[in-house]
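Reading the structure
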Amino acid sequence: MPLFKSKMKHWILLVNCLGLLIFPFGSCRILLSTDDSSDSGDDGDGDRCGCQNFDDEEENNGARLAYLITVHNHRTALDASYLFRAIRSPSTIIMIHVDTKFEWDEFMMSELHREVELCPCGAKVHMDSVHSAEWSSWSMNDPTFWGLETATTKFKGEWDVFLNLSGDTMPVYTPSKMSQLFAGPLHGYNFVTSSSCETGLVPTNVYLFPTHWHKRGHYTTNPDGDPQIRYLDQDGNEKIETLTIYFGSQWMALQPDFCHYLVSSLQDKSSLPSKFKDYLIQVKRLMTDETFIPTLLKHVYPFNETLPEVTEEGKLQRLPSLWDIRYERMDEHWPSAFGVAPTQQRYEVPESSMADNPKTWGPYFLGVYDLANIKASGALFIRKVSVEVDPNIVYMLPVSDLDELPSIQWPNELQISKKPDWEKQRKEWVRQAEEERRKKQEEEEESKNNKKNKAPIHQAESRDL
């Protein structure tokens, strides 16, 4: 079977294999992108692909979204295929970064790659495998900045909002609805938090955490106080900036001008972002994917004026139904920094699933019992979800209106039976029957031996009489 069907139009193959232009075997890697936004699948086979139709007004008036999807193993590639189907549209750019720990030839056989190859639905798609992210190290930032650089160079001027997503994310809303929201009440804002952030839609000042809290303890150990970053401004003047640390989320929705600032600044080794990055690496700070961009966004003018405006309760002023851009459950192994204790159960990963068990602090998997909380948050995205844990919630999304989702809530307490395994039960019944048969044979044998042992004694007693 050929790598690409002959009917597909305008695919660009960029092959890099030790300088040899050959197909991707062994250590070779193939980069692939669609180059025709009018292509909605396999020569008009959009119905087979399930492509969503945009009318001209929606496409012209909505925001153009550039997504970065990160995957790192078979399970996230499988779940990302559902994410890809949910966000692809003719006005969408989708960049996919595959962690180098996930072999490229294995990724080429994944459901996600098959979906991209056969059913882009008009989306522009670009894939690559460049970085290996190691938990809690600076490398956690690398795929995001690869996506930012790709968006601001390869797709410069073709998008209005950059969003990075893990492969086990799902959008709550359809592409059309999402595009309308970012062109309307969400327009112009930079979002760098999720529902697990203590201060909601705005980043959290590290000094708001109690003194015993790990995040504050880790980032405020410097006896000289907050880091003072010495850098050169755009005019070459030396300046010093004191940066109070702010916590947010590694998952963001960013405006083009801020993205361009981040990318260009990191290419200038004397800039504030570059010097701040050097500082975080030098002092071995953890969780930099949650602090680097939120801290810069809070300190650098004019971007610090693009944070969402919220009410006293924490809702978005322009869209009061929205409390969180992304809904997730994290850090429920212990009461929060401000004493909020979790009371609801959560999903466990079944033994038969290829999904990894979440770390102690999460993020935990979501399912249909979380729908009521998801709806109440007004979130645009949820994480993490998997067809390997609860496929129902994956199949229910996306929707054009929250009313299309049922308000299913966790019961006061839920206990369910184990999944029936009749083959295992049959083996157990056979084992029990064999055990009973063995015991019966042993008892019969013991009874016979007892009779044999007692017979001579009775004869001797008879002779004595």
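These remarks concern the structure in this document.

Let us look at the state of the cysteines. Under the criterion given, the structure shown has two disulfides. Two residues, Cys-49 and Cys-119, share a disulfide whose sulfurs are 2.0 Å apart. The disulfide joining Cys-49 to Cys-119 has a torsion of about -65 degrees about its S-S bond and is therefore left-handed. Highlighted residues: Cys-49 in helix H1 (residues 46–49) and Cys-119 in the loop between helix H5 (111–118) and strand S5 (124–128), separated in sequence by 70 residues. Like Cys-119, Cys-49 is buried.

Axis separation between helix H9 (residues 256–267) and helix H11 (residues 292–299) bottoms out at 12 Å; the angle between their running directions is 110 degrees. Classed by the angle they form, the pair H9 and H11 counts as roughly perpendicular. In the crossing of H9 with H11, the sense of the turn from one axis to the other is right-handed. Residues Phe-258, Leu-262 and Leu-266 of H9 form the contact with H11, whose participating residues are Phe-292, Ile-293, Leu-296 and Leu-297. Tallied by class, residues from the contact of H9 with H11 come to seven nonpolar, no polar and no charged.

Turning our attention to the pairing of strand S9 (residues 228–232). Here S9 shows a buried face lined by Ile-229 and Tyr-231 and an unburied face lined by Gln-228, Arg-230 and Leu-232. The pairing of S9 with strand S10 (residues 238–242) spans five bridges and is antiparallel. Directly across from Arg-230, in S10, lies its bridge partner Ile-240. Joining the antiparallel neighbours S9 and S10 is a turn of five residues, in which Gly-236 adopts a positive phi near 85 degrees.

Below, the discussion takes up the pattern of salt bridges. Summed over all chains, the structure comprises 23 salt bridges. With a closest N to O distance of 4.0 Å, Lys-215 and Glu-290 form a salt bridge. Residue Lys-215 is found in helix H8 (residues 214–219), and its partner Glu-290 is found in the loop between helix H10 (272–282) and H11; the two are separated by 75 residues along the sequence. Owing to a relative accessible area of 9%, Lys-215 belongs among the buried residues under this scheme. A relative accessible area of 18% places Glu-290 in the buried class. Here the salt bridges do not stand alone but share partners, grouping Arg-75, Asp-79, Asp-168, Glu-328 and Arg-383 into one network.

Right, let's talk about the sheet that holds strand S7 (residues 169–171) for a bit. The strand order across the open sheet built from three strands is S7-S14-S13, with neighbouring strands paired in mixed fashion. Two strands in the sheet have a free side with no partner beyond their single neighbour: S7 and strand S13 (326–327). As paired strands, S7 and strand S14 (residues 381–383) are joined by three bridges and run antiparallel to one another. In the strand pairing of S14, Thr-169 is matched with Arg-383.

Definitions and cut-offs
Residues numbered from 1 in each chain as written. Predicted model: local features only at pLDDT ≥ 70, side-chain atom pairs only at ≥ 80, totals over all residues. Heavy atoms only, no water. Disulfide = S-S within 2.5 Å. Helix = DSSP H or I, 4+ residues; strand = E, 2+ residues; numbered from the N terminus. Buried < 20%, exposed > 50% of the residue type's maximum accessible area, 1.4 Å probe, protein only. Axes fitted to C-alpha atoms, helices over the stretch in contact; angles between N-to-C directions. Parallel < 35°, antiparallel > 145°, perpendicular 65-115°, else oblique. Left-handed = near helix turned anticlockwise from the far one by under 90°. Contact = heavy atoms within 4.5 Å. Nonpolar A, V, L, I, M, F, W, Y, C, P; charged D, E, K, R; others polar. Pairing = 2+ DSSP bridges. Salt bridge = Lys/Arg side-chain N within 4 Å of Asp/Glu carboxyl O.

Nothing here speaks to function; it is geometry throughout.
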